[in-house]
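Coordinates in review
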Amino acid sequence: MDHSVGIVTAQRAQFDTPLTFRSGAVLPRYELVYETYGTLNADHSNAILICHALSGHHHVAGIYADEPKNVGWWDNMVGPGKPIDTNKFFVIGLNNLGGCHGSTGPSSIDPLTGQPYGASFPVITVEDWVNSQARLADLLGIAQFAAVIGGSLGGMQALQWSLAYPDRVRHVLAIASAPRLTAQNIAFNDVARNAILTDPDFHGGNYYQHGVVPTRGLRLARMLGHITYLSDDAMADKFGRELRAEKFNYNYEIEFEIESYLRYQGDKFASYFDANTYLLMTKALDYFDPAHDFGGDLNRAFARAKAGFLVISFTTDWRFSPQRSREIVQPLLHNRRKVSYAEITSAHGHDSFLMPHPHYFDVARAYLNNVARECGS
Amino acid sequence: MSRSDIEKLAAERPDFAAIAAWIPKGASVLDLGCGDGSLLRYLKETRSVRGYGVEINDLDIVSCIANGVNVIQNDLDSGLSDFEDGSFDFVILSQTLQATRHTEAIIKEMLRVGREGIVSFPNFGHWKNRLDVLTGNMPVSRELPYQWYNTPNVHLCTLHDFEDFCRRCAVSITARSVMNGEHEVGLLPNLLGSTAVYRFQRGL
């Protein structure tokens with residue numbers, strides 16, 4: 001594979017200092033799985049943290065020796081010579097706390113009970129994630145990140161880094177993100193959660209003990225989410241009104257190609273993703289609002305930030321629309337922070353942030369080249 | 001940015017030096033239609049300004065970012081709603097006025113967001129342009145390098161036109177600098193000047 005970081009290995013970090021969540025809940029100990037690419041320089045100044053979105057994880061780039069087809073979720077962006085250039089940066093991807101890819105989450109065994117945490121896993125916020133990520137940074141000897149980068153929910157974490165740890169992050173790249181969700185966006189999340197919560201196999205979140213998985217709910221949640229990640233035009237281009245058969249069957253079986261696609265995506269997702277994690281991730285999205293403690297005033301909330309910011313949005317993204325990204329830019333302008341904003345013309349809706357769009361990559365590369373120069377890479 | 005880069009820029013864009021002459025050190029500046037960020041870099045080097053550019057063109061956005069210039073991608077004709085009232089000392093529209101659609105609205109927005117405005121534009125009243133029209137062709141020159149069929153310039157004007165416009169819009173002109181190439185023009189500016197630079201504020 002050209003320009004790939006090649007074979008990578010996931011690593012595991014154990015934390016024995018209790019972590020107090022924003023909710024007041026305490027997690028006595030936890031593990032985070034992570035991967036790193038590239039080399040940390042002598043003064044530890046070239047580290048980049050990649051924060052993942054709703055369904056992401058620590059496997060950002062490269063492949064596994066025993067799974068050559070398991071390519072990292074942002075492999076087009078991260079690698080040697082790529083916009084996030086592993087020849088220049090030491091890049092870290094992790095699976096967030098509450099996740100289902102190896103970090104401590106609802107499906108992990110609670111050492112106190114010997115049972116999966118299930119419903120007892122604390123509801124987690126973006127703030128809690130960033131605090132746990134800061135501990136991982138401590139462990140890896142990174143006092144300050146050259147950049148923290150994320151798309152969507154990952155972008156919220158990157159923003160939170162600049163607010164919670166203003167001296168520990170020099171640059172933030174917030175892509176297809178928002179400073180806080182709108183009512184419409186929360187509403188989509190709630191429908192997704194309701195699909196899971198009302199699945200008879202959910203068992204109040206303790207389905208592991210019942211040997212079942214709320215597959216129907218999770219599948220519906222993903223199908224709904226998937227619709228909102230694509231644009232109307234992209235769906236029309238890809239599927240139109242194409243039928244699988246030549247004529248209407250006048251029944252409720254799969255007829256239109258879009259139905260087939262969504263069900264396939266839903267089934268695939270439900271086969272590996274944990275429903276409790278999905279609930280947690282959507283709640284983290286809903287709760288995030290840096291202005292919450294500042295009377296709703298984002299200008300005051302962002303006064304703490306010291307980083308330079310690159311904010312990127314995509315024209316056809318309606319789940320995290322360009323207007324939401326402008327709401328990140330405005331308080332940064334108000335506080336006279338270094339900020340650039342690019343609105344990428346793309347047909348692919350919210351999913352654009354994961355696509356190899358040449359102009360999008362040029363923007364990211366131009367910004368990160370300067371970041372690399374700053375840290376002497 | 002090296003000394004020779006600055007000199008090169010100043011030679012290519014004589015309006016830069018005229019603009020810089022009006023800007024005190026450390027001022028805050030918003031450059032509308034900032035292109036690749038050259039003016040902001042020039043002002044950063046020569047006047048230590050703090051500033052942002054606004055630009056719509058994708059390639060220019062990449063150039064600005066590569067040049068370390070803060071740039072906000074936006075269409076000027078959709079307004080400056082990202083920017084708060086009185087948030088800049090100067091709002092500059094350099095060689096862009098003639099390509100805006102809602103010219104009056106932009107001048108008003110400039111004076112909402114900035115305490116003062118600066119515009120530079122090619123003077124359509126320059127004798128060479130007049131001569132071109134007199135002999136039957138649309139002018140093409142260093143300042144107006146486009147053919148009639150591919151020009152982005154939709155609102156060309158003369159010095160007289162701009163000054164009339166300001167009077168009508170209650171905009172008060174506080175300084176004017178007219179140039180022919182790199183040289184300041186004193187006599188018959190509307191005839192001999194190829195580029196005009198104006199400094200203005202809200203009229204009383």
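Residues numbered from 1 in each chain as written. Chains lettered and ligands numbered in written order. Predicted model: local features only at pLDDT ≥ 70, side-chain atom pairs only at ≥ 80, totals over all residues. Heavy atoms only, no water.

**Observations concerning the overall build of chain A**
Summing up its helical and strand segments, chain A has 10 helices and 14 strands in all. Computed over C-alpha atoms, the radius of gyration of chain A comes to 20 Å, within 12% of the 21 Å expected from 2.2 N^0.38 for 377 residues, which places it in the range of a compact globule. Taking the principal axes of the C-alpha coordinates as reference, chain A spans close to 65 × 50 × 50 Å. Within chain A, buried positions represent 58% of all 377 residues. Sequence-distant contacts, at least 24 apart, represent 71% of the contacts inside chain A between residues at least 6 apart. Total accessible area on chain A is roughly 15,200 Å²; 52% of this is exposed by carbon and sulfur atoms. When the 32 basic and 38 acidic side-chain charges of chain A are each reduced to a single mean position, those positions are 5 Å apart. (Helix = DSSP H or I, 4+ residues; strand = E, 2+ residues; numbered from the N terminus. Rg over C-alpha atoms; globule rule 2.2 N^0.38 Å. Buried < 20%, exposed > 50% of the residue type's maximum accessible area, 1.4 Å probe, protein only. Contact = heavy atoms within 4.5 Å. Areas by Shrake-Rupley, 256 points an atom, 1.4 Å probe, with all protein chains shown as cover. Lys, Arg positive; Asp, Glu negative; His and termini not counted. Charge placed at Lys NZ, Arg CZ, Asp CG, Glu CD.)

**Some remarks on the environment of A:Ala10**
All names here are of chain A. By the element assignment, Ala-10 lies in the segment before β1 (11-15). A relative accessible area of 37% places Ala-10 in the partly exposed class. Sequence separation of Ala-10 and Gly-93 is 83 residues, and the distance between their C-alpha atoms is 9.5 Å. Once residues lying within four places of it in the same chain are set aside, the contact partners of Ala-10 are Tyr-34, Glu-35, His-58 and Tyr-64.

**Some points on the confidence of the model for chain B**
Summary statistics for chain B give a mean pLDDT of 94 and a share of 100% for residues scoring 70 or more. This prediction of the complex comes with two scores: 0.96 for pTM and 0.94 for ipTM. (pLDDT = per-residue confidence, 0-100.)

**A look at the nonpolar core**
One finds A:Ile84, A:Leu97, A:Ile149, A:Tyr278, A:Tyr360, B:Ile23 and B:Phe162 to be the most contacted residues of the largest nonpolar core, which totals 170 residues. The biggest single contributor to this core is helix α10 (residues 358-374) of chain A, with 9 residues. In this view, A:Leu97 contacts A:Leu19, A:Phe21, A:Leu27, A:Tyr30, A:Glu31, A:Leu32, A:Thr104, A:Phe121, A:Ile124, A:Trp129 and A:Ser132; residues no more than four positions away in its chain are not counted. With 6 residues, the next largest nonpolar core counts A:Met223, A:Leu230, A:Met235 and A:Leu262 among its residues. (Core = buried A, V, L, I, M, F, W, Y, C linked by side-chain atoms within 4.5 Å.)

**Notes on the pattern of salt bridges**
All names here are of chain A. Scanning all chains against the criterion turns up 27 salt bridges over all chains. Measuring nitrogen to oxygen at the nearest pair gives 3.2 Å for the salt bridge that ties Arg-216 to Asp-201. Here Arg-216 is found in helix α4 (residues 215-229), whereas its partner Asp-201 is found in the loop between α3 (183-197) and α4, with 15 residues between them in sequence. By relative accessible area, Arg-216 is classed as partly exposed at 43%. Exposure remark for Asp-201: the relative accessible area of 21% places this residue in the partly exposed category. (Salt bridge = Lys/Arg side-chain N within 4 Å of Asp/Glu carboxyl O.)

**Examining the interface of chain B and chain A**
At the junction of the two partners, chain B supplies 21 residues and chain A supplies 22 residues. Carbon and sulfur atoms make up 48% of the area that chain B and chain A hide from each other, which totals about 1,700 Å². Between chain B and chain A we count 1 salt bridge in total. For the salt bridge of B:Asp82 with A:Arg326, the shortest nitrogen-to-oxygen distance reads 2.4 Å. Where chain B packs against chain A, one counts 16 residue pairs in polar contact (both at pLDDT 80 or more). (Buried area = accessible area lost by both parts, 1.4 Å probe. Polar contact = N/O pair within 3.5 Å; in protein donor to acceptor, adjacent residues only side chain to side chain.)

**Remarks on α10(A)**
All names here are of chain A. Between the first and last C-alpha of α10 there are 24 Å, a value that for 17 residues agrees with the 24 Å anticipated at 1.5 Å per step. What α10 keeps buried is the set His-359, Tyr-360, Phe-361, Val-363, Ala-364, Ala-366, Tyr-367, Leu-368, Asn-370, Val-371 and Ala-372. Of the residues flanking the end of α10, it is Gly-376, one or two places downstream, whose phi is positive at about 70°. (Expected span 1.5 Å × (residues − 1).)

**A look at the packing of aromatic side chains**
For the structure on display, the rule yields 27 aromatic pairs over all chains. Here A:Trp73 and A:Trp74 contribute two aromatic rings whose centre-to-centre distance is 5.4 Å and whose plane-to-plane angle is 10°, an arrangement assigned as stacked. A:Trp74 sits in the buried class, given a relative accessible area of 0%. Each residue in the set B:Phe121, B:Phe162, B:Phe165, B:Tyr198 and B:Phe200 is aromatic and connected to the rest through ring pairs, giving one cluster. In this arrangement the basic side chain of A:Arg222 is found over the ring face of A:Phe269, its NZ or CZ atom lying 4.2 Å from the centre. (Phe/Tyr/Trp six-rings, centres within 6.5 Å; stacked < 30°, edge-to-face > 60°. Lys NZ or Arg CZ within 6 Å of the ring centre and 35° of its normal.)

**What to know about the side chain of A:Asp85**
Residues and elements named next belong to chain A. Here Asp-85 lies in strand β7 (residues 84-85). The buried charged residue Asp-85 lacks any salt bridge partner; its closest oppositely charged side chain belongs to Lys-88, at an N-O distance of 4.2 Å. Only 2.8 Å separates the side chain of Asp-85 from the backbone nitrogen of Asn-87, close enough to count as a polar contact.

**Here we look at the packing of α3(A) against helix α7 (residues 275-287) of chain A**
Residue and element names in this part refer to chain A. At a minimum axis distance of 10 Å, the contact between α3 and α7 shows a crossing angle of 160°. As the angle between them shows, α3 and α7 are arranged roughly antiparallel. At the point where α3 passes α7, the crossing takes the left-handed sense. Of α7, the residues touching α3 (which contributes Ile-186, Asn-189, Ala-192, Arg-193, Ile-196 and Leu-197) are Ala-275, Tyr-278, Leu-279, Thr-282, Lys-283, Leu-285 and Asp-286. For the contact of α3 with α7, a count of residues per class yields 8 nonpolar, 2 polar and 3 charged. (Axes fitted to C-alpha atoms, helices over the stretch in contact; angles between N-to-C directions. Parallel < 35°, antiparallel > 145°, perpendicular 65-115°, else oblique. Left-handed = near helix turned anticlockwise from the far one by under 90°. Nonpolar A, V, L, I, M, F, W, Y, C, P; charged D, E, K, R; others polar.)

**Overview of the side chain of B:Asp15**
Residue and element names in this part refer to chain B. Positionally, Asp-15 belongs in helix α2 (residues 14-22). Within the local environment of Asp-15, its side chain forms a polar contact with the side chain of Ser-120, the two groups lying 2.9 Å apart. The residues contacting Asp-15, other than those within four sequence positions of it, are Ser-94, Gln-95, Ser-120, Met-179, Thr-195 and Val-197.

**A look at unusual backbone geometry**
Note: most peptide bonds trans; most residues except glycine with negative phi. The backbone phi angle of A:Ser152 is positive, close to 60°, even though this residue is not glycine. Looking at where A:Ser152 falls in the secondary structure, it is placed in the loop between β11 (147-151) and α2 (153-164). Unusually for a residue other than glycine, B:Ser48 sits at a positive phi of about 50°. By secondary structure assignment, the location of B:Ser48 is in the loop between α3 (38-47) and β2 (50-55).

**Description of α2(B)**
In terms of residue burial, α2(B) counts as a mostly covered element, since 7 of its 9 residues are buried. Packing partners of the buried residues in α2(B) comprise α1 (3-12), α3, β4 (88-94), β5 (114-122), β6 (171-180) and β8 (195-202) of chain B.

**Here's the deal with the pairing of strand β1 (residues 28-32) of chain B**
All names here are of chain B. In terms of residue burial, β1 counts as a mostly covered element, since 5 of its 5 residues are buried. Side chains Ser-28, Leu-30 and Leu-32 of β1 all project onto a buried face; the interleaved residues Val-29 and Asp-31 project onto the opposite face, where all are buried too. Pairing geometry for β1 and β2, over 5 bridges, is parallel. In the sheet register, Leu-32 faces β2, and the bridge partner there is Val-54. Following the chain from β1 across α3 to the adjacent parallel β2, one finds a crossover that is right-handed. With 4 bridges joining them, β1 and β4 adopt parallel strand pairing. Counted as the bridge partner of Val-29 is Phe-90 from β4. (Pairing = 2+ DSSP bridges. Right-handed = clockwise from strand over helix to strand, strands pointing away.)

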